[in-house]
Amino acid sequence: SYLHTYHTKLIMFASNFYNSHLEKFGGVEILKFIQLMLKHDEIIRSYGLSDPRLEESWNELTGAYAVKTFKVMMAMVLNVVENSRTDYNIDHSGKITSKSPIDLFKLMNTVVDSYSLCKTSLVLKSLVGLCYKLTNNFVTEYRTIVDHEIMDTEVFVAITNASIEFVGGSRDFVHRVK
């Protein structure tokens with residue numbers, strides 16, 4: 001049938017396009033590509049066709065999204081941790097705080113915001129897993145600083161107070177994702 005031939009050619013074109021541009025694609029482009037292919041899948045299903053290749057590709061595409069985004073975001077997370085050593089404030093009451101938890105959750109919210117580009121449960125699961133990994137790495141790096149580095153008292157207090165803010169930020173983030 002014409003629809004089957006059209007579908008086969010379109011999938012071949014999309015596959016070749018994706019494979020030839022994979023290195024250039026960032027996370028957003030991958031999500032847009034997934035959304036485009038989901039739309040195509042929806043259209044062919046409305047005509048009674050299905051293609052198992054499409055269903056198999058969702059996991060690969062969301063995995064590629066997660067890996068690319070993790071690499072970019074992890075560098076930013078490490079920068080937030082590094083800045084926590086020098087970027088802290090002392091308020092009028094003398095409380096010393098670091099902005100690192102605020103900066104971390106700004107990054108995490110950016111990741112979750114990308115869900116609007118491709119609203120599927122598979123993408124949401126990938127985003128939540130990505131946020132878990134980023135948060136876990138943040139905590140590990142933070143713990144390494146506290147456990148293994150000699151630092152000024154002000155820096156130590158700022159990092160300790162930031163840990164308390166991290167717990168509150170985590171609660172807010174979980175409520176947002178729900």
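Residues numbered from 1 in each chain as written. Predicted model: local features only at pLDDT ≥ 70, side-chain atom pairs only at ≥ 80, totals over all residues. Heavy atoms only, no water.

Novice: What is the right way to look at the side chain of Ser84 in this model?
Specialist: Summarising the element assignment, Ser84 is placed in the loop between α3 (52-83) and β1 (88-90). The buried category is assigned to Ser84, whose relative accessible area is 1%. Excluding residues within four positions of it along the chain, Ser84 makes contact with Ser98, Ser100, Tyr142, Ile145, Val155 and Ile159. (Helix = DSSP H or I, 4+ residues; strand = E, 2+ residues; numbered from the N terminus. Buried < 20%, exposed > 50% of the residue type's maximum accessible area, 1.4 Å probe, protein only. Contact = heavy atoms within 4.5 Å.)

Novice: Mind showing me how you'd approach the pattern of salt bridges here?
Specialist: Where charged atoms of side chains with opposite charge meet at close range, the side chains can pair. Here the structure, examined in full by the defined rule, presents seven salt bridges. Note that Asp51 is salt-bridged to Arg53, the shortest N-O span being 2.7 Å. Here Asp51 falls in the buried class, since its relative accessible area comes to 6%. With a closest N to O distance of 2.9 Å, Glu82 and Arg85 form a salt bridge. Look at Arg85 and you get partly exposed, because its relative accessible area is 24%. Salt bridges sharing partners connect three or more residues here, namely Glu82, Arg85 and Glu149. (Salt bridge = Lys/Arg side-chain N within 4 Å of Asp/Glu carboxyl O.)

Novice: Explain the nonpolar core to me, please; I cannot follow it from the model alone.
Specialist: Nonpolar side chains in soluble globular proteins tend to end up buried together. Core analysis: the largest hydrophobic core is formed by 41 residues, its most contacted members being Ile34, Val111, Leu134 and Phe138. Elements with a contribution of two residues or more to this core: α1 (2-21), α2 (27-46), α3, α4 (100-113), α5 (121-148) and α6 (153-177). The dominant element in this core, judged by the number of residues it contributes, is α3, at 10 residues. With residues near it in sequence (within four places) discarded, Ile34 still touches Trp58, Leu61, Thr62 and Cys118. (Core = buried A, V, L, I, M, F, W, Y, C linked by side-chain atoms within 4.5 Å.)

Novice: It is not clear to me how α3 should be interpreted in this structure. Could you clarify?
Specialist: For an α-helix the count is 3.6 residues per turn, leaving residues at separations of three or four pointing the same way. Taking 1.5 Å per residue as the helical rise, α3 with its 32 residues ought to reach 46 Å, and the 47 Å between its terminal C-alpha atoms agrees with that figure. A maximum bend of about 30° is found in α3 at Trp58. (Expected span 1.5 Å × (residues − 1). Bend = angle between axes of the 7 residues up to and from the residue.)

Novice: So what exactly am I meant to see when it comes to the side chain of His7 here?
Specialist: Mapped onto the elements, His7 comes out in helix α1. Assessed through its relative accessible area of 3%, His7 is described here as buried. Excluding residues that lie within four positions of it along the chain, His7 makes contacts with His40, Ile44, Asp51, Arg53 and Leu54.

Novice: Before we go on, may I ask you to explain the packing of α3 against α4 in this structure?
Specialist: Helix-helix packing: each pair is described by the crossing angle between the helix axes and the interaxial distance. Between α3 and α4, whose axes approach to 10 Å, the crossing angle comes to 165°. By the angle class used here, α3 and α4 are roughly antiparallel. The chirality of how α3 crosses α4 is right-handed. Together, Tyr65, Met73, Met76, Val77 and Val80 of α3 and Ser100, Asp103, Leu104, Leu107 and Val111 of α4 make up the contact between the two elements. (Axes fitted to C-alpha atoms, helices over the stretch in contact; angles between N-to-C directions. Parallel < 35°, antiparallel > 145°, perpendicular 65-115°, else oblique. Left-handed = near helix turned anticlockwise from the far one by under 90°.)

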